[in-house]
Amino acid sequence: LQLSPAPAHAALEILQRVYGHERFRGRQSDIIDHVANGGDALVLMPTGGGKSVCYQIPAMLRDGVGIVVSPLIALMHDQVAALQQMGVAAAVLNSSLTLDEMREVEGQLRRGALQLLYVAPERLLTPRFLDLLHGLKIALFAIDEAHCVSQWGHDFRPEYIQLSVLHQQFPNVPRIALTATADRETREEIRQRLALQEAEVYLTSFDRPNIRYRVTERTDAKRQLLALIEGEHKGEAGIVYCQSRKKVEETAVWLAAKGIKALPYHAGMDAEKRRRNQERFLREDGVVMVATIAFGMGIDKPDVRFVAHLDLPSSIEAYYQETGRAGRDGAPAEAWLAFGLADVVLLRRRIEESELSDQRKVVSRRKLDSLLAFCEATTCRRVALLAYLGETSQPCGNCDICLEPGDTWDATVAAQKLLSACWRTGQRFGIGHLIDVLRGETTEKVTRFAHEQLPVFGIGRDVDTQVWKTLGRQLVSLGYLIVDTEQFNTLAVSETARPLLKGETTFMMRRPTVKMGRGNRRPRG
Ligand code: ADP
Ligand code: ZN
């Protein structure tokens, strides 16, 4: 039985004739072979890696129609238009069609005239449509953006969970699930929820070597951003992510007033305006899109030169996904993130106040902790990022830490001082007051509580206020200090701080970045 060689040859022929690509990339050929021969596959490949041909070509090689499940209507239309342009019989079925158009597509399906059908999950799952499918020859099911099945993820779509019926109702039709999100937990969830335990897993390296990662302390977000754009990305296209719609609006207006071609994008804007802004971002040169995370999934603009985050994303996966929109053309691009203690406090509180079950809170906390550890890392960002995605790598030479080494110092003693100050003042003050105590400032509050009498008073004069702030944030991020958000953000010493206080572990720290870009000023201390 010699099944494999034939599809391999036929697949290459299609790649060249239909797509005009000379050869397969990475593991595309293996994946196509496997699925064309009837196997299930889970494909984890970074954005821009070339996932589409992995299901499109097997669909063309096999008898019948390939059914592609995709969560995004706009994206479906783009992909189908591109396929039709190449002469592939493709169609789309979703709520944006008129009744007549829908009938037309169903007719094509029944006549066996389609090679690929893109369909929204809620449409696919209707009993009527499943019935229709049972009467057809089906080449395969492709489940694009498969991470949407993950309840912990930021793109969760409840309908995706029901896609396991495909396996029950069509056990002999191969299924291929694809995603650009690859942390272990999500991967496991996809396998379980989509009943893909038996599927072959194809994991491509998630490294995006052309993206430079930089994480910095937020001091004056707008000015830092302006310095970034004017200093290093003048006239270039970029995306600026903010958490809130209000901040999106404000930032876009502010940048525009500074002469930057900036446009806002968020789910609260009217659809027409949103569509126009997206269109301009795609067609014009050098547009900076200031957006909430509502913007970006499925946006295929190859020359985005930078992605800036003015607030912390919700997790490392989200961060990876969002920054992955930079540099799809392979040319140098930048991922820049500014964050502060306020983000940490806000995200922690959001989890605590959420309706999530206890179990999910635990997962969310762990995800946030991983993200914070990434932000506070004193070793290569890329190594940390890839490690989270399950890959081991060497220091990259293309992140802030690799490029500006020597910026770490042993902050063990300073950390001990800050923890002691917190402890000695009764664990009921915020970072500002603790810094005053450490720096020996006789403020009204210090005098009122007689804190100038404490042995910790003035023991931190040798360290800058800004450095104390950074240290405080790092101790919070890493769980040594606990913020009580109900009590005016007062700080308490956590159990995990014990080894540090006893001098059993050391605490390394990045010096705060005072100036943006190259050349950091070294604070005293
Ligand atoms: P993904 O869905 O993984 O983000 P796409 O399938 O959209 O990626 O492919 C990204 C880009 O790479 C597209 O422009 C596509 O035409 C191109 N591409 C895919 N496979 C190949 C290949 N074998 N050779 C050259 N270009 C390819
Ligand atoms: Zn690095």
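For clarity, every value in this text was computed on a predicted model and none was experimentally measured.

## Remarks on helix 12 (residues 245-257)
The end-to-end C-alpha separation of helix 12 is 18 Å, in line with the 18 Å expected for 13 residues at 1.5 Å each. Considering only its buried residues, helix 12 is in contact with helix 11 (221-232), strand 9 (238-241), strand 10 (262-265) and strand 11 (288-291). In the stretch just after helix 12, Gly259 is the one whose phi turns positive, near 90°.

## Regarding the site of ligand 1
Inspection of the region around ligand 1 gives His21, Phe24, Arg25, Gln28, Met45, Thr47, Gly48, Gly49, Gly50, Lys51, Ser52 and Val53 as its neighbouring residues. Of the residues assigned to the shell around ligand 1, the class counts are three nonpolar, seven polar and two charged.

## Observations regarding the environment of Asp311
Residue placement: Asp311 occurs in the loop between strand 12 (306-309) and helix 14 (316-323). The sequence separation of Asp311 and Val240 amounts to 71 residues, and the corresponding C-alpha distance is 9.7 Å. For Asp311, the residues in contact, after removing those within four places along its chain, are Cys242, Gln243 and Asp343.

## Thoughts on the sheet that holds strand 7 (residues 200-203)
Strand order in this open sheet of seven strands is 3-4-2-5-6-1-7, and the pairing throughout is parallel. The strands lining the two open edges of the sheet, one partner per strand, are strand 3 (90-93) and strand 7. Along the sheet, successive strands turn relative to each other by an average axial angle of 20°, direction set aside. For strand 1 (residues 41-44) and strand 6 (residues 175-179), the ladder comprises four bridges, and the chain directions are parallel. Its bridge partner lying in strand 6, Ala41 is registered against Ile176. Those strands touched by helix 2 (residues 28-36) are strand 1, strand 5 (138-143), strand 6 and strand 7, and its axis lies near 160° from that of strand 1.

## A short note on the sheet that holds strand 10
With parallel pairing, the six strands of this open sheet are ordered in space as 8-13-12-9-11-10. Sheet topology places strand 8 (211-217) and strand 10 at the edges, where each strand pairs with a single neighbour. Recorded for the sheet is a direction-independent mean angle of 15° between the axes of neighbouring strands. Here strand 9 pairs with strand 11 via four bridges, running parallel. Pairing of Tyr241 across the sheet is with Ala291, part of strand 11.

## Concerning the confidence of the model for the protein
On average, residues of the protein score 89 in pLDDT, and 95% of them reach the 70 mark or higher. Under a pLDDT of 50 for its full length, residues 513-525 has, in the predicted model, 30 contacts with residues more than four places off or in other chains. Interface confidence for the predicted complex, given as ipTM, is 0.97, next to a pTM of 0.70.

Scoring rules and cut-offs
Residues numbered from 1 in each chain as written. Chains lettered and ligands numbered in written order. Predicted model: local features only at pLDDT ≥ 70, side-chain atom pairs only at ≥ 80, totals over all residues. Helix = DSSP H or I, 4+ residues; strand = E, 2+ residues; numbered from the N terminus. Expected span 1.5 Å × (residues − 1). Contact = placed C-beta atoms within 7 Å. Near = placed C-beta within 6 Å. Nonpolar A, V, L, I, M, F, W, Y, C, P; charged D, E, K, R; others polar. Pairing = 2+ DSSP bridges. Axes fitted to C-alpha atoms, helices over the stretch in contact; angles between N-to-C directions. pLDDT = per-residue confidence, 0-100.

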